[in-house]
Amino acid sequence: MWIAAWVLSIALTLVFTTRLKAAPDVVFFGDSITEMWTLPAVNFGIYGNTTGQMLSRFNDVTDSYFTRVVLLGGTNDVLTGVDPATTIGNLHQMIQRALQKKMEVLVGTIPPIYQDNGSLLPKVDALNRQIAQEVNRWKDSGARVRLVDFNESLQNSRNGFAIDGVHMRRRNYVRMDLKLLSVNNIFFRKN
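To keep things clear, this report deals only with the structure shown in the data block.

**Re the pattern of salt bridges**
Part 1: Tallied over the entire structure, the rule returns 5 salt bridges.
Part 2: For Asp 25, the salt bridge is made with Arg 68, and the minimal N-O distance between the two is 3.0 Å. One end of the pair, Asp 25, is in the loop between α1 (2-19) and β1 (26-30); the other, Arg 68, is in strand β3 (residues 68-72), and 43 residues separate them in sequence. Residues Asp 25 and Arg 68 agree in their burial class; the two are buried.
Part 3: Arg 146 is the salt-bridge partner of Glu 104, the closest N and O atoms lying 3.0 Å from each other. With Glu 104 in strand β4 (residues 104-108) and Arg 146 in strand β5 (residues 145-148), the pair connects residues that are 42 residues apart, well separated along the chain.
Part 4: You can call Glu 104 buried: its relative accessible area is 4%.

**Quick word on the packing of aromatic side chains**
Aromatic ring pairs are reported here in terms of the distance separating the ring centres and the angle at which the planes meet.
Part 1: In this structure the tally under the stated criterion is 7 aromatic pairs.
Part 2: Ring geometry for Phe 28 versus Trp 37: centroids 5.0 Å apart, planes at 90°, classification edge-to-face.
Part 3: Measuring from centroid to centroid gives 5.0 Å for Tyr 114 and Phe 161, while their planes differ by 75°, and the two rings are edge-to-face. On the criterion of sequence distance, the pair formed by Tyr 114 in the loop between β4 and α7 (115-118) and Phe 161 in the loop between α9 (150-153) and α10 (170-183) is long-range, its members being 47 residues apart.
Part 4: Note on Phe 161: relative accessible area 1%, which makes it buried.

**A short note on the sheet that holds β4**
Part 1: A sheet is described by the order of its strands in space; here 5 strands give the open sequence β2-β1-β3-β4-β5, paired in parallel fashion. Of all strands in the sheet, those bounded by a partner on one side alone are β2 (42-45) and β5. The sheet shows a mean angle of 20° between the axes of neighbouring strands, taken without regard to direction.
Part 2: Relative to β4, β3 runs parallel, the two sharing 4 bridges. Following the sheet pairing, Val 70 is matched in β4 by Leu 106.
Part 3: Relative to the sheet, helix α8 (residues 121-140) contacts β4 and β5, its axis offset from that of β5 by approximately 155°.
Part 4: Along the sheet, α10 makes contact with β1, β3, β4 and β5, crossing β5 at roughly 150°.

**Things to note about the side chain of Thr 75**
Part 1: The topology assignment puts Thr 75 in helix α5 (residues 75-80).
Part 2: What makes Thr 75 buried here is its relative accessible area of 3%.
Part 3: Residues in contact with Thr 75, not counting those within four places in the same chain, are Asp 31, Ile 33, Ile 110, Pro 111, Ile 113 and Val 166.

**Things to note about the pairing of β3**
Part 1: Among the 5 residues in β3, 5 count as buried, and that is most of the element.
Part 2: Side chains Arg 68, Val 70 and Leu 72 of β3 all project onto a buried face; the interleaved residues Val 69 and Leu 71 project onto the opposite face, where all are buried too.
Part 3: Pairing geometry for β1 and β3, over 5 bridges, is parallel. Each bridged residue has a counterpart across the sheet, and for Gly 30 the counterpart in β3 is Leu 72.

**Describing the nonpolar core**
Part 1: Among the nonpolar cores identified, the biggest contains 53 residues, and Trp 37, Leu 71, Val 145, Met 176 and Leu 180 are the most heavily contacted of them.
Part 2: Those elements that place two or more of their residues in this core are β1, α3 (51-56), β3, α6 (84-100), β4, α8, β5 and α10.
Part 3: Of the residues forming this core, the biggest block, 6 residues, is contributed by α6.
Part 4: Contacts of Met 176, omitting those with residues within four sequence positions, involve Ile 33, Trp 37, Leu 72, Phe 150, Leu 154 and Met 168.

**Thoughts on α8**
The α-helix winds at 3.6 residues per turn, so residues separated by three or four positions along the chain end up facing the same way.
Part 1: Its 20 residues place the ends of α8 28 Å apart at the C-alpha level, agreeing with the 28 Å of an ideal helix rising 1.5 Å per residue.
Part 2: Among the residues of α8, those classed as buried are Val 124, Leu 127, Asn 128, Ile 131, Ala 132, Glu 134, Val 135 and Trp 138. Down the axis of α8, the buried side of the element spans an arc of 160°, and every buried residue falls inside it. More than 90 degrees from the buried face of α8, the exposed residues found are Pro 122, Arg 129, Arg 137 and Asp 140.

Conventions adopted
- Residues numbered from 1 in each chain as written.
- Predicted model: local features only at pLDDT ≥ 70, side-chain atom pairs only at ≥ 80, totals over all residues.
- Heavy atoms only, no water.
- Salt bridge = Lys/Arg side-chain N within 4 Å of Asp/Glu carboxyl O.
- Helix = DSSP H or I, 4+ residues; strand = E, 2+ residues; numbered from the N terminus.
- Buried < 20%, exposed > 50% of the residue type's maximum accessible area, 1.4 Å probe, protein only.
- Phe/Tyr/Trp six-rings, centres within 6.5 Å; stacked < 30°, edge-to-face > 60°.
- Pairing = 2+ DSSP bridges.
- Axes fitted to C-alpha atoms, helices over the stretch in contact; angles between N-to-C directions.
- Contact = heavy atoms within 4.5 Å.
- Core = buried A, V, L, I, M, F, W, Y, C linked by side-chain atoms within 4.5 Å.
- Expected span 1.5 Å × (residues − 1).
- Arc of directions from axis to C-beta.

As structure tokens, then:
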């Protein structure tokens, strides 16, 4: 009986996350991983963006009506060899600007990068540790900043990635959907 209930709950969750969109007060902001994500109703992902490029267009987020931002950046920084300190500095500035506008900030760890036989995985892991430390510093100060560990939910899911080893198939996006929902209910508008 409990197995049937568990299977039904998984099926309903999959339907829920594949058919519904996030509330319109939530903006998803990032690179192509964000751009290809079907969950956002408002998607400001742009293919190839580094966190520096994201920072330069962050006014699109702060000059609007959004109350929450899902911030996912750093993959292209790793791919192009950007210094992790620069990546964290860019994320810090985006978080700071969002908080100044009284937004809630959900910062994601970046997914694994399997390009070149996974040679970049140690750099991804190192950057994700720094992202977690940055978010924890904000949280410790009382700021409305939360970590969404997408990387953790994508471990051991190599077959859920496209042939390039960077972009993902739908099944990995479902894992990301579920991870985000475990941190914040993004389907209901906040007042």
